[in-house]
Amino acid sequence: MAPYNTNDSGMTRSEGAKETPVISGIATTAQRNCSAPAPGHVVDTEFLIVGAGPAGAALACFLGSHGLKGIMISNAPGTANTPRAHITNMAALECLRDIDLYDELKKLGSTGSDHMQHTRWCHSMAGEEYARIHSWGNDPRRKGDYELASPCEPFDLPQTILEPVLVRHAALKGFKCRFDSTLVSFFSDSKTGLITANIHDKMTSKEYQIQTRYLFGADGARSQVVKQLNLPLVVQPGQGIAINVLVKADLSHLVKNRTGNLHWVMQPDREHPDFGWMGIVRMVKPWNEWMFILFPDRNYDRSQGKPSKKAYQRRVQEFIGDDTPAEILDISTWYINEIVAEKYSEGNIFCLGDAVHRHPPLNGLGSNTCIQDAFNLAWKVAYVHKGLASPSLLSTYSIERQPVGYSIITRANQAYRDHFLVWKALGMLPPDLSARKKSLEELKSATPEGSNRRRALHAAIKHTSHEFHGLGVEMNQHYDGQGVYTDDEPNPYAPSRRAAEDSILFHEPSTYPGSRLPHVWLNTAIPGEPISTVDIAGHGSFVLLSGIGGGRWKKAAENVAEKLKVPIQVHYIGFRQDWEDVYFEWENLRGVEESGAVLVRPDRFVAWRAPAVLKDTEACASKLLTVMRTILGYLDAKS
């Protein structure tokens, strides 16, 4: 695209300057790292997103749902050409459900017992199996946990399919996307609050500028935005590299009795190439496209040159285990990182997704966390931009999401380390082939050593449930800080019941402020289509939930909404109320009396709750006003 002079967002610079609050101090790091741009072609927009992957494209979708328009650029020539991320969990899907994309994506994904029933450990796809475990909500003992946690169902959706849907939706909502466009640098002017980004157009080999109020770095693990901001990173020692080999091969004849989307292949009784010690065969498209993820051994030296395609082809055939034809479509390398930024933003520049948290794909937390970052950020930016909240609300993005990033990079890497116990039990670790053969033979021997090895294998496989049924780590995010109001809580937050015992495996819904709004199916007195509490919340609005005896909250909410110009919807749940609590689940989970109130933010996290209705409408309105002004950044809750 050739550079040009126009305003892509439909706003003139003077209009933007009037309408957009600006945080002071934005220029500190960015200004030090980049000199002011020379006069040239300038494109004006209010919002510039760098990166069109799951984080950037989701952010564009969410901002667009608030009526905001902008520009999204990507260094890539198009959407993802390899199916990197794939497991899409319920926490992320609830975000996409908010903008009516859930049903469309579900039709495109692979779901449930048809494709995701098991994770397996085997000698080859056609060969003997060592063990298997139910996965992704398909364990009969865990299905209820998943169904109670969300109205959404997890599914396998390769990034190659997800990204085009997000980019198309963002475009329809007003975000212009420019591929083959590289962010070279940016400059922030603390006086005007404007950020000028220098863009290299790879199609024309020309440079131009985009001037914006907000800059979002969703540009992946080699983020130019993070680099120029010099955001501090917590870097743990890496765990080496992995090699993705995308393969077209029809394995439908093998999966009838091997249903699953992840298959660990280990051959301890055979010699192996140093680039392919062991690996995972991952379903991309059932059942004719697969990702062979190869893990090199400790002797692999990349400086000695890359393996030939013929060598990769041989290893792929060994992993398949029969003479099924296989065509290699793509080969790429990635690092097993454990990196998280200490903070995600500076002024009106925000970073999200892989730019600020980098980790292996175990537990399936990658693109899911990217999408949730974007959902958390979008409503806050929209409220501040529209003058509905103080700019200080934007500081809660990093405060709330950075601990989540730290927890997911820790969990994903621990999941990888947990597999060492499986490898040890199967005899994969000794460098000597005869020692490995002996260990594998020992597994079937009627000896104390064989019994011990079998127990070790069983325990190691069972422990991987923290990866393949980690419902807690997916759904238990809890926020603290200005964005939630806890002054009326008698006790600090603490996980309850099973989540207190194992917060990775188990999710326990709660209305404690800072928790995800619990999912409960509701209906009407004359039954119609069931609706979730998740669906009556969100959609850009605050929502107040009450019940019988809480009639004063509606008038109070109307008064506060009118005063603050902030949307607050009110729903009553209970016998012959707006919504019937048909299974009495809300009664068990609401955490307040029937007349109490649960206030939910636009991102469907609980902002505050009142145990019971106050003495009159004026008292209810006064309290709600204090809560809302605190959350929106106009009051200090501790003052």
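Parameters and conventions
Residues numbered from 1 in each chain as written. Predicted model: local features only at pLDDT ≥ 70, side-chain atom pairs only at ≥ 80, totals over all residues. Heavy atoms only, no water. Helix = DSSP H or I, 4+ residues; strand = E, 2+ residues; numbered from the N terminus. Rg over C-alpha atoms; globule rule 2.2 N^0.38 Å. Buried < 20%, exposed > 50% of the residue type's maximum accessible area, 1.4 Å probe, protein only. Contact = heavy atoms within 4.5 Å. Areas by Shrake-Rupley, 256 points an atom, 1.4 Å probe, with all protein chains shown as cover. Lys, Arg positive; Asp, Glu negative; His and termini not counted. Charge placed at Lys NZ, Arg CZ, Asp CG, Glu CD. Pairing = 2+ DSSP bridges. Axes fitted to C-alpha atoms, helices over the stretch in contact; angles between N-to-C directions. Expected span 1.5 Å × (residues − 1). Domains from an automatic or database assignment. Buried area = accessible area lost by both parts, 1.4 Å probe. Polar contact = N/O pair within 3.5 Å; in protein donor to acceptor, adjacent residues only side chain to side chain. Nonpolar A, V, L, I, M, F, W, Y, C, P; charged D, E, K, R; others polar. Salt bridge = Lys/Arg side-chain N within 4 Å of Asp/Glu carboxyl O. UniProt positions renumbered as here; feature names shortened; annotations may be inferred. Core = buried A, V, L, I, M, F, W, Y, C linked by side-chain atoms within 4.5 Å. Phe/Tyr/Trp six-rings, centres within 6.5 Å; stacked < 30°, edge-to-face > 60°. Patch = residues over 30% accessible without salt bridge, like charges linked within 9 Å, V, L, I, M, F, W, Y side chains within 5 Å.

Naming follows an unreviewed UniProt entry, where the chain appears as FAD binding domain-containing protein of Aspergillus pseudotamarii.

A. Representation of the overall build of the chain in the model. A tally of helices and strands in the chain yields 22 helices and 30 strands. For 639 residues, the compact-globule estimate of 2.2 N^0.38 gives 26 Å, and the chain sits close to it at 26 Å. Residues classed as buried in the chain amount to 60% of the 639 residues present. Put simply, of all contacts in the chain between residues at least 6 apart along the chain, 75% involve residues at least 24 apart. For the chain, the accessible surface area stands at approximately 25,800 Å², while carbon and sulfur atoms represent 51% of it. Put simply, the chain has 69 plus and 71 minus side-chain charges, and the middle of one group is 3 Å from the middle of the other.

B. Local environment of the sheet that holds strand 29 (residues 597–600). Here four strands make up an open sheet; going across it, the order is 28-27-29-30 and the pairing mixed. In this open sheet, the two edge strands, each paired with only one partner strand, are strand 28 (568–572) and strand 30 (606–610). When strand polarity is set aside, the average angle formed by the axes of neighbouring strands in this sheet is 20 degrees. Here three bridges tie strand 27 (residues 542–546) to strand 29, and the two strands are oriented antiparallel to one another.

C. A look at helix 3 (residues 54–65). For helix 3, which comprises 12 residues, the first-to-last C-alpha distance of 16 Å matches the rise-based estimate of 16 Å (1.5 Å per residue) to within 8%. Of all the 12 residues making up helix 3, 11 are buried; the element is thus mostly covered by neighbouring parts of the structure. Of the residues making up helix 3, those classed as buried are Pro 54, Ala 55, Gly 56, Ala 57, Ala 58, Leu 59, Ala 60, Cys 61, Phe 62, Leu 63 and Gly 64. In the stretch just after helix 3, Gly 67 is the one whose phi turns positive, near 85 degrees.

D. Representation of the domain arrangement of the chain within the structure. What the domain assignment reports for the chain is domain 1 (42–112 + 148–234 + 340–399), domain 2 (236–337), domain 3 (412–469) and domain 4 (497–632). Using C-alpha coordinates to define each centre, domain 1 is positioned 30 Å away from domain 2. Between domain 1 and domain 2, the residue contacts involve 14 residues of the former and 13 residues of the latter. Roughly 1,100 Å² is buried in total at the junction of domain 1 and domain 2, and carbon and sulfur atoms are behind 62% of that figure. Counting across the interface, domain 1 meets domain 2 through four residue pairs in polar contact (both at pLDDT 80 or more). Per-class residue counts for the side of domain 1 that touches domain 2 are seven nonpolar, four polar and three charged.

E. Region of interest: the pattern of salt bridges. Under the criterion given, the structure shown has 27 salt bridges. The partner of Arg 604 in a salt bridge is Asp 98, and the shortest N-O contact between them spans 3.0 Å. Linking Arg 604 in the loop between strand 29 and strand 30 with Asp 98 in the loop between helix 4 (90–97) and helix 5 (102–108), this pair joins segments that are 506 residues apart in sequence. With respect to class, Arg 604 is no different from Asp 98; both count as buried. With a closest N to O distance of 2.8 Å, Arg 401 and Asp 373 form a salt bridge. With a gap of 28 residues between them, Arg 401 in helix 13 (residues 395–425) and Asp 373 in helix 12 (residues 366–385) connect regions that are remote in the sequence. Here Arg 401 and Asp 373 have matching classes, each one buried. Taken together, the salt bridges that share partners define one network made up of Arg 142, Asp 145, Arg 497, Arg 498 and Glu 508.

F. Spotlight on the UniProt feature "domain: FAD-binding" (unreviewed entry) in the chain. UniProt records the feature "domain: FAD-binding" (unreviewed entry) at residues 44–411, using the numbering of this structure. Taken as a whole, residues 44–411 contains 30% helix and 29% strand, while its terminal C-alpha atoms sit 41 Å from one another.

G. Examining the sheet that holds strand 6 (residues 110–111) more closely. Strand order in this open sheet of three strands is 5-9-6, and the pairing throughout is antiparallel. Here the strands that pair on one side only, and so sit at the sheet edges, are strand 5 (87–88) and strand 6. In terms of strand pairing, strand 5 meets strand 9 (residues 155–156) through two bridges, oriented antiparallel. Residue pairing for strand 9: Thr 88 is matched across the bridge by Phe 155.

H. Expanded view of the nonpolar core. Counting 115 residues, the largest nonpolar core has Phe 62, Phe 216, Phe 542, Leu 599 and Met 628 as the members making the most contacts within it. Tallying contributions element by element places helix 12 first for this core, with 11 residues. Two domains share this core, each providing at least three of its residues, namely domain 1 (42–112 + 148–234 + 340–399) and domain 4 (497–632). If you look at the next biggest cluster of nonpolar residues, it comprises 35 residues, including Val 284, Ile 293, Ala 460 and Ile 461.

I. Quick peek at the packing of aromatic side chains. Considering all chains together, one arrives at 25 aromatic pairs under this definition. Here the aromatic rings of Trp 277 and Trp 423 are separated by 5.3 Å at their centres, their planes lie at 75 degrees, and the arrangement is edge-to-face. Of this pair, Trp 277 sits in the loop between strand 17 (262–265) and strand 18 (278–285) while Trp 423 sits in helix 13, and the two are 146 residues apart along the sequence. Here the two residues Trp 277 and Trp 423 agree in accessibility, since each one is buried. Ring geometry for Phe 295 against Tyr 416: centres 5.8 Å apart, planes inclined by 45 degrees, an arrangement best described as tilted.

J. Representation of a nonpolar patch on the surface within the structure. A cluster of nonpolar side chains, Trp 521, Val 582 and Tyr 583, forms an exposed patch at the surface whose accessible area comes to about 300 Å². Topologically, Val 582 is positioned in the loop between strand 28 and helix 21 (585–589).

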